[in-house]
Amino acid sequence: MAGATSPAAAANLAGKSGVRVVVIGDAGTGKSSLVVTVATEQFPENVPRVMPPTRLPADYFPDRVPITIIDTSSSPEQKAKLIAECQAADAVVLTYACDRPATLERLSSFWLPELRRLQLKAPVIVVGCKLDLRDEQQVSLEQVMAPIMQSFREIETCIECSALRQIQVPEVFYYAQKAVLHPTAPLFDQELQSLKPRCVRALKRIFILCDNDKDGALSDVELNEFQVRCFSAPLQPTEISGVKRVVQEKMPEGVSENGLTLTGFLFLHALFIEKGRLETTWTVLRKFGYDNDIKLRDDLIAMPIKRAPDQTLEMTSEVVDFLRGIFNMFDIDNDGALLPTELDDLFSTAPENPWSSDPYKACAEKNVLGGLSLEGFLSKWALMTLLDPTNSYANLVYVGYPGEFSSAFTVTRKRRVDRKKKQTQRNVFQCYVFGARGSGKTSLLQSFIGRQPSDALPSNSERFATNSVELPDGTRKTLILREIPEGDVRSLLSDKESLAPCDVAVFVYDSSDEYSWQRARDLLVQVATHGENSGYEVPCLIVAAKDDLDQSPQALQESTRVSQDMGIETPIPISVKLRDLNNIFNRVVHAAQQPHLSIPETEAGKTRRQYRQLLNRSLMVVSVGAAVAVVGIAAYRVYAARKNSS
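Residues numbered from 1 in each chain as written. Predicted model: local features only at pLDDT ≥ 70, side-chain atom pairs only at ≥ 80, totals over all residues. Heavy atoms only, no water.

- As recorded in an unreviewed UniProt entry, the chain goes by the name Mitochondrial Rho GTPase, listed as coming from Paspalum notatum var. saurae.
- The annotation that UniProt attaches to the chain under Subcellular location (unreviewed entry) is "Mitochondrion outer membrane".
- Entered under Sequence similarities (unreviewed entry) in the UniProt record, the comment concerning the chain runs "Belongs to the mitochondrial Rho GTPase family." (UniProt positions renumbered as here; feature names shortened; annotations may be inferred.)

Written as structure tokens, this is what we have:
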């Protein structure tokens, strides 16, 4: 695992066609002299106040990536330009003068806080210029910079140089380039002196991919294959023995009888980084498709499938079978559920557990120990595929799925076509849940995933609940309930295509509260109107929640009348408190499976429909009249022809 990749390949893997380095610092610290000297390899007699952009050719350094150096002025009137240049920089060289302690103090009092205020993401190289003028009595660079680097972790490295004496001038820009192409920050925690979690996760995945016989160790043959893949050169048997000996001396558990263990593999990379050989680890990561954020590159996980707004993606049977296998593999105690620790282990080769935050965190049913059943596990993947197919595919790859994007997902038929054909082939349905605050929306979602309403954390944002629903014929469909907060309805309906991904809309009201009903009715009319105007009509159901309370006679009477007027089913009474849900989730799926029914019609919609029918009848009369006229003309011509021939 020694050696380096070819220079051209390194540049290509870094994804950089050039590196932009901006030089900043107090006036008179030697910025322009530094730039001229690195470009001309000689100290200038007359230095301009600010150098024009200067380019170092691709062959200047081994990585073969050209560098553009931007000199700057620290004068107040040039501050806007300096800020713009910093924000466009790949790396920043921050200078001070070794013979002027005040410029060193200004690093901590002004320059570094200013860069932090700008939220600069670029690495910073601190450079002490005019080393030839440095007082020999001064403390060492390490002693001077240690407290500054402790406070400002964005500093990648520190170096002193002399443009006049040609001391370490090229090294300044080599370190700047290296900080961009092979940055330390994503890989290594300087404070803890250990690999960062995301780096460990990526290297663990790479280790598993290279462990062909799955015995938990890289044999000599597997190590050699890894070396050739990453560095295009095999290891000699003596080199392999040397690598394993180094690991075994420092960390005995790093080598087993079968070869180099994961512990040893990680130890080696930490060793490379500590010795400043970051390019070795970066070459490995980039060969396996990782970018500078230690995530798979976008081009490897991009979604190549085009789809209409009313089409969604669903997992193929191939992926579902793969996920069943993964579930069983990580269900260590064979209890039919994945405990949080088992789930974390499953995602330990992904940058992070994608379900550790909303909307996935609490969207599925769990057992009393917090374990996720297979149905809940598959439902979460279905939700992630619906909301973010690219993220879903990326995580499939992270946990070991070997197939292409096109083999992982299938595109559903357009919902408009489903309505025309009066049937759907979907296996995953999304239901929008509307209603006034306090109407019982959250309780409905909580009951769907077997939880008490009190378990739900307060939230003003969208909430999801997903589970499988068994139908009378024994088949299972995945239902996703999406709670729409009352305050979000206006912004949701301002988007023409907002109802396109919706299979069913449910309107919940508190059956004991007349206002709650009025609000549900208004929302129903708004959604129905939006559907009629946009062409994305959806089946709608009304749910009369809290049926255990005294019903509002006005709400009961009104809701029955409105549902009849709009041509949809009468309200479905439920009581979450009494656990009497009136088969509501099966009814939602049933409505989704018959997408041409239960579509509400507003008064404006009825008027438009009647107008269209009238217009169609009129056109039919006109067309029949035209046909009669044509037949009459033809008959007259036949009659005239006969008369002339007689």
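1. Focus: the pattern of salt bridges
Stage number 1. A complete count under the given rule lists 28 salt bridges for this structure.
Stage number 2. In this structure, the salt-bridge partner of glutamate 352 is arginine 198, at a minimum N-O distance of 2.6 Å. Note that glutamate 352 is positioned in the loop between helix H14 (340–346) and strand E14 (372–373) and arginine 198 in helix H7 (residues 197–210), a separation of 154 residues in sequence.
Stage number 3. Accessibility expressed as a relative area gives 34% for glutamate 352, which makes it partly exposed.
Stage number 4. Of the charged contacts in the structure, one is a salt bridge between aspartate 418 and arginine 413, with a shortest N-O distance of 2.7 Å.
Stage number 5. Linked through salt bridges whose partners overlap, the residues forming this network are Arg413, Arg415, Asp418, Arg426 and Asp503. (Salt bridge = Lys/Arg side-chain N within 4 Å of Asp/Glu carboxyl O. Helix = DSSP H or I, 4+ residues; strand = E, 2+ residues; numbered from the N terminus. Buried < 20%, exposed > 50% of the residue type's maximum accessible area, 1.4 Å probe, protein only.)

2. Structural notes on the side chain of serine 511
Stage number 1. Residue placement: serine 511 occurs in the loop between strand E19 (504–510) and helix H21 (514–534).
Stage number 2. Assessed through its relative accessible area of 3%, serine 511 is described here as buried.
Stage number 3. Within the structure, serine 511 has its side chain in polar contact with the backbone oxygen of alanine 545 (distance 2.8 Å).
Stage number 4. In this structure, serine 511 is in contact with Ala544, Ala545, Lys546, Asp547, Asp550, Gln551, Ser552 and Ala555, ignoring residues within four places of it in sequence. (Polar contact = N/O pair within 3.5 Å; in protein donor to acceptor, adjacent residues only side chain to side chain. Contact = heavy atoms within 4.5 Å.)

3. Overview of the sheet that holds strand E9 (residues 217–218)
Stage number 1. The 3 strands are arranged E9-E11-E10 in an open sheet whose pairing can be described as antiparallel. The open sheet is flanked by E9 and strand E10 (255–256), the only strands paired with a single partner.
Stage number 2. Bridge analysis of E9 against strand E11 (residues 259–261) gives 2 bridges, and the strand direction is antiparallel. Bridge assignment links leucine 218 to a residue of E11, and that residue is leucine 260. (Pairing = 2+ DSSP bridges.)

4. Concerning the pairing of strand E17 (residues 463–470)
Stage number 1. With 7 of its 8 residues buried, E17 lies for the most part within the structure.
Stage number 2. Where E17 lies against strand E18 (residues 476–483), 8 bridges are found, and the strand directions are antiparallel. Residue asparagine 467 lies in a different strand from E18, and its bridge partner there is leucine 479.
Stage number 3. Two successive antiparallel strands, E17 and E18, enclose a turn made up of 5 residues, where glycine 474 displays a positive phi of approximately 90°.

5. Describing the nonpolar core
Nonpolar side chains in soluble globular proteins tend to end up buried together.
Stage number 1. Judged by nonpolar contacts, the single largest core of 77 residues is most densely connected at Ile206 and Phe377.
Stage number 2. Of all the elements, helix H10 (residues 262–274) adds the most residues to this core, at 8 residues.
Stage number 3. Beyond its immediate stretch of four places on either side in the chain, phenylalanine 377 contacts Leu323, Phe327, Leu338, Leu343, Leu346, Trp355 and Leu372. (Core = buried A, V, L, I, M, F, W, Y, C linked by side-chain atoms within 4.5 Å.)

6. Details of the packing of aromatic side chains
Stage number 1. The full count for this structure, using the stated rule, is 19 aromatic pairs.
Stage number 2. Seen in terms of ring centroids, tyrosine 509 and tryptophan 517 are 5.2 Å apart; in terms of plane orientation they differ by 65°. Their pairing is edge-to-face. For the residue pair tyrosine 509 and tryptophan 517, the accessibility class agrees, reading buried in each case.
Stage number 3. Through a chain of ring-to-ring contacts, three or more aromatic side chains come together here, namely Phe327, Phe347, Trp355, Phe377 and Trp381.
Stage number 4. The ring of tyrosine 432 is capped by arginine 482, whose NZ or CZ atom sits 4.6 Å from the centre of that ring. (Phe/Tyr/Trp six-rings, centres within 6.5 Å; stacked < 30°, edge-to-face > 60°. Lys NZ or Arg CZ within 6 Å of the ring centre and 35° of its normal.)

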